[in-house]
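Overview (structure and organization)
If you want the building blocks of each chain, they are given just below.
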Amino acid sequence: MTNLIAATDICTYHGIEYTFIDSLREAGLVKFKIVKRNTYVPETELQKLEKMIRLHHELEINVAGIEAIVHLLERVEQMQEEMRVLRNRVE
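A few points on the structure. Keep in mind it's a predicted model, so treat the numbers as computed, not measured.

**Describing helix 3 (residues 43-59)**
Given a rise of 1.5 Å per residue, 17 residues ought to cover 24 Å, and the 24 Å separating the end C-alpha atoms of helix 3 matches this to within 8%. For helix 3, every residue scored as buried is listed here: Glu45, Leu46, Leu49, Met52, Ile53 and Leu55. The elements touched by buried residues of helix 3 are strand 1 (4-6), helix 1 (7-14), helix 2 (18-26), strand 3 (38-42) and helix 4 (63-90). Within two residues after helix 3, Glu60 carries a phi angle of roughly 55 degrees, on the positive side.

In structure tokens:
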């Protein structure tokens, strides 16, 4: 079973408002688990969430900007994978 981290603990640790991570959830950027009315972040989502928190804190990027960045990064990864497949076909 996946380890869960309380969303409130993440907010306290990073000094952010819960509304920020809730906005990320609403945008579909981070998945949460609700257990007995408490919100948790699966450990598998933690690295992604912390990257978004850094974008917000260090670069002052809002949720819409983070959403665009995540989309572009996913697209770059897809293109890199396509290039890898094509290179393997040529060799």
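**Focus on the side chain of Thr39**
Considering the arrangement of structural elements, one finds Thr39 in strand 3. Its relative accessible area of 15% is what places Thr39 among the buried residues. A distance of 3.2 Å separates polar atoms of two side chains, one belonging to Thr39 and the other to Tyr18.

**Here's the deal with the pattern of salt bridges**
Between side chains of opposite charge, pairing is possible as soon as their charged atoms come close. Applying the stated criterion to the full structure yields 4 salt bridges. A salt bridge links Arg25 to Glu26; its shortest N-O distance comes to 3.9 Å. Classification of Arg25 as partly exposed rests on a relative accessible area of 37%. When its relative accessible area of 58% is taken as the criterion, Glu26 is described as exposed. For Glu45, the salt bridge identified is with Lys48, shortest N-O distance 3.2 Å. Of the two residues, Glu45 and Lys48 are both situated in helix 3; the distance of 3 residues between them amounts to about one turn of the helix. Assessed through its relative accessible area of 33%, Lys48 is described here as partly exposed. Each member of the salt-bridge network shares a partner with another, and the members are Asp22, Arg25 and Glu26.

Rules behind the numbers
- Residues numbered from 1 in each chain as written.
- Predicted model: local features only at pLDDT ≥ 70, side-chain atom pairs only at ≥ 80, totals over all residues.
- Heavy atoms only, no water.
- Helix = DSSP H or I, 4+ residues; strand = E, 2+ residues; numbered from the N terminus.
- Expected span 1.5 Å × (residues − 1).
- Buried < 20%, exposed > 50% of the residue type's maximum accessible area, 1.4 Å probe, protein only.
- Contact = heavy atoms within 4.5 Å.
- Polar contact = N/O pair within 3.5 Å; in protein donor to acceptor, adjacent residues only side chain to side chain.
- Salt bridge = Lys/Arg side-chain N within 4 Å of Asp/Glu carboxyl O.

Keep in mind these numbers describe shape, not what the thing actually does.
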